[in-house]
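# Structural characterization, general
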Amino acid sequence: AGVLRPSGLRVIDLVEGDGPLPALGDRVYVHIKVWGSSFDAGEPAYATWAADGRPSMWFLGEPSAVVVGPPYVPTTTVPAGIDEGVLGMREGGWRRLVVPASAAYGAEGLPRPGGRGLFKVPPNSPIFVDLRLVDGGGGGCDRLLRLQGLPKSISCIPGKI
């Protein structure tokens with residue numbers, strides 16, 4: 001199911017958003033869940049819905065500049081396949097991706113904290129990803145999350161969780 005892109009990325013739209021369509025270089029706020037073996041296969045290897053519930057933010061086409069926060073400082077990089085998966089997605093959309101290993105965590109895999117040869121995603125493995133584009137240019141997340149002292153919001157819409 002879905003669309004197979006030339007890069008090997010499979011894109012499956014579950015909900016088509018009706019908000020802005022971000023362009024390369026636009027700031028995006030995205031909720032991400034990553035599994036290493038299949039969709040909904042136990043606890044995700046990585047999820048922004050966990051921890052403090054804040055979406056990841058980066059500039060589309062620049063996945064090495066991922067920030068979470070506050071204080072919104074660079075913390076990690078998003079695999080290139082996830083960045084590519086946001087292309088063509090409208091704010092409010094929900095998409096599933098099957099990301100080939102070359103555009104996922106590659107030969108390094110995603111090690112478990114403490115390492116010792118244990119991995120959340122083994123080296124050279126594809127990943128299975130849920131994406132929710134919560135702000136693709138509408139500015140809701142900027143207003144709510146970039147200011148200190150405001151309560152956390154998963155949806156980036158005041159009064160909505």
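Residues numbered from 1 in each chain as written. Predicted model: local features only at pLDDT ≥ 70, side-chain atom pairs only at ≥ 80, totals over all residues. Heavy atoms only, no water.

## Focus: the packing of aromatic side chains
With the rule as written, the count across this model stands at two aromatic pairs. For the ring pair Trp35 and Phe39, a centre distance of 6.4 Å and an interplane angle of 75° mean the geometry is edge-to-face. For Trp35, a relative accessible area of 3% translates into the label buried. Seen from their ring centres, Phe39 and Phe128 are 5.4 Å apart, and the 80° between their planes marks the pair as edge-to-face. Taken as a pair, Phe39 in the loop between strand S3 (27-35) and strand S4 (46-47) and Phe128 in strand S11 (residues 127-135) lie far apart in primary sequence, 89 residues in all. Put simply, the rings of Trp35, Phe39 and Phe128 touch in pairs and so form one group of aromatic residues. (Phe/Tyr/Trp six-rings, centres within 6.5 Å; stacked < 30°, edge-to-face > 60°. Buried < 20%, exposed > 50% of the residue type's maximum accessible area, 1.4 Å probe, protein only. Helix = DSSP H or I, 4+ residues; strand = E, 2+ residues; numbered from the N terminus.)

## Focus on unusual backbone geometry
Phi is positive for Asp40, which is not a glycine, with a value near 55°. Inspection of the secondary structure puts Asp40 in the loop between S3 and S4. The class for Asp40 is exposed, based on a relative accessible area of 52%. With phi around 55°, Asn124 is a residue other than glycine that occupies positive phi space. For Asn124, a relative accessible area of 54% translates into the label exposed.

## Structural notes on the pattern of salt bridges
Per the stated rule, a full pass over the model turns up four salt bridges. Between Glu84 and Arg5 there is a salt bridge, with its nearest N and O atoms 3.9 Å apart. Separated by 79 residues along the polypeptide, Glu84 in helix H1 (residues 80-86) and Arg5 in the loop between strand S1 (3-4) and strand S2 (10-15) bring together distant segments of the chain. A salt bridge links Arg96 to Asp40; the nearest nitrogen and oxygen atoms lie 2.9 Å apart. (Salt bridge = Lys/Arg side-chain N within 4 Å of Asp/Glu carboxyl O.)

## Some thoughts on the side chain of Ser56
Summarising the element assignment, Ser56 is placed in strand S5 (residues 56-59). Among the polar contacts made by the side chain of Ser56, one reaches the side chain of Tyr46 at a distance of 3.3 Å. (Polar contact = N/O pair within 3.5 Å; in protein donor to acceptor, adjacent residues only side chain to side chain.)

## Here's the deal with the side chain of Asp130
Assignment of secondary structure puts Asp130 in strand S11. A distance of 2.5 Å separates the side chain of Asp130 from the side chain of Arg96, its partner in a polar contact. The residues touching Asp130, leaving out its near neighbours within four places in the chain, are His31, Ile32, Lys33, Trp35, Phe39, Trp49, Trp94, Arg95 and Arg96. (Contact = heavy atoms within 4.5 Å.)

## Comments concerning the nonpolar core
Trp58, Ile82, Ile127, Val129 and Leu131 are the most contacted members of the largest nonpolar core, which has 24 residues in total. Looking at this core, the elements with two or more residues in it are S3, H1, strand S8 (94-99) and S11. (Core = buried A, V, L, I, M, F, W, Y, C linked by side-chain atoms within 4.5 Å.)

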